[in-house]
Amino acid sequence: TDSPIVLNVNGIEVIYNHVILVLKGVSLTVRQGQIAAILGGNGAGKTTTLRAVSNLLKGERGEVTKGSIELRGERIENLSPADLVQRGVVQVMEGRHCFAHLTIEENLMTGSYTRKDKAEVARNLEKVYTYFPRLKTRRTSQAAYTSGGEQQMCAIGRALMANPSVVLLDEPSMGLAPQIVEEVFEIVKDLNHKEGVTVLLAEQNTNMALRYADYGYIMESGRIVMDGPAADLRNNEDVKEFYLGMG
Ligand code: ATP
């Protein structure tokens, strides 16, 4: 828990459409090499928090109206999503977002648009395939004809093509069968261990997320209501009663 702080979200408020206050002062920190999880039910504000970090609120008519966000001590609220990718921060959006008509490999290649060095792109692609052997076997398949799990892997793999140091992962378990969710989380854990990628994920599946995360933040109605090491949260009576049945 003493590694340097990579991401520091400090008391942010987010308003949609100029009027709807959705985040009411959210603070959290993610340390180097951690997997941190934002947990909570539908509409709690998990996605909004991730979007605030990756500056993807504008398209949703949302804005950060209070607080600050720092990446390794540097303010990032005013950086564009592309600048953030350059600095190693990428988001994998909820709902998988693969291009249906492109093959798996073409999808992965769209993730390397900021990389000009062909040899490096080829190395990244091989690396993605070592973590996701399923994607290698499906590389020439159109994404539309692959399974939900393969599409989620494709979305994560595409993010990895940008060589990120921080991955924001929105609801990786959504719509997937339990054993596939497990497979996806195992790969994320592996990436975290072997590549040192720092992960901030949002999950409704509290149970699964707390098995893989180091640290958890529980959100309700735009606020963090509880946080702690994942092991502590797993054993906390309130968490057990209110959240562990959920996913
Ligand atoms: P989910 O798991 O459903 O994504 P969440 O915890 O990620 O839930 P958010 O998507 O961040 O929650 O939504 C938080 C609140 O903000 C909800 O009340 C939602 O209706 C509202 N909201 C989200 N996006 C917009 C938007 N573009 N315009 C207006 N309100 C929005």
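Residues numbered from 1 in each chain as written. Predicted model: local features only at pLDDT ≥ 70, side-chain atom pairs only at ≥ 80, totals over all residues. Heavy atoms only, no water.

Where an unreviewed UniProt entry is consulted, the chain appears under the name ABC transporter-like protein, with the organism given as Hydrogenophaga intermedia.

A. Quick look at the site of the ligand. Around the ligand sit 16 residues, and of these Asn42, Gly43, Gly45, Thr47 and Thr48 come closest. Taking Thr47, its main chain carries an N or O atom lying 2.7 Å from an oxygen atom of the ligand. Contact with the protein chains removes 71% of the 630 Å² of surface that the ligand exposes when unbound. Elements represented by at least two residues in the shell around the ligand include exactly β2 (20–31) and α1 (46–53). With three residues, the top contributor of residues to the shell around the ligand is α1. The residue inventory of the shell around the ligand, partitioned by class, reads four nonpolar, eight polar and four charged. (Near = heavy atom within 4 Å. Polar contact = N/O pair within 3.5 Å; in protein donor to acceptor, adjacent residues only side chain to side chain. Areas by Shrake-Rupley, 256 points an atom, 1.4 Å probe, with all protein chains shown as cover. Helix = DSSP H or I, 4+ residues; strand = E, 2+ residues; numbered from the N terminus. Nonpolar A, V, L, I, M, F, W, Y, C, P; charged D, E, K, R; others polar.)

B. How the structure looks around unusual backbone geometry. In this model, Asn55 sits at a positive phi of 55 degrees, which is unusual for a non-glycine residue. You can call Asn55 buried: its relative accessible area is 16%. We note that Arg61 has phi near 60 degrees; this positive angle belongs to a residue other than glycine. Here Arg61 is to be found in the loop between α1 and β4 (62–71). (Buried < 20%, exposed > 50% of the residue type's maximum accessible area, 1.4 Å probe, protein only.)

C. Examining the nonpolar core more closely. With 49 residues, the main nonpolar core has Leu108, Phe132, Leu135, Ile156 and Leu201 as its most contacted residues. Looking at this core, the element that brings in the most residues is helix α7 (residues 178–195), giving seven residues. Ignoring anything within four residues of it in the chain, the contact list for Phe132 reads Met153, Ile156, Gly157, Leu160 and Ile187. Tyr16, Val26, Tyr215 and Met219 belong to the second largest nonpolar core, which has 31 residues in total. (Core = buried A, V, L, I, M, F, W, Y, C linked by side-chain atoms within 4.5 Å. Contact = heavy atoms within 4.5 Å.)

D. Main features of the pattern of salt bridges. Here the structure, examined in full by the defined rule, presents 13 salt bridges. In this structure, Glu182 and Arg211 form a salt bridge, with 2.6 Å as the shortest nitrogen-oxygen distance. One end of the pair, Glu182, is in helix α7; the other, Arg211, is in helix α8 (residues 206–212), and 29 residues separate them in sequence. A residue is classified by how much of its surface remains accessible, and Arg211, at 44% relative accessible area, is partly exposed. Salt bridges sharing common partners tie together Arg134, Arg138, Glu150 and Glu183. (Salt bridge = Lys/Arg side-chain N within 4 Å of Asp/Glu carboxyl O.)

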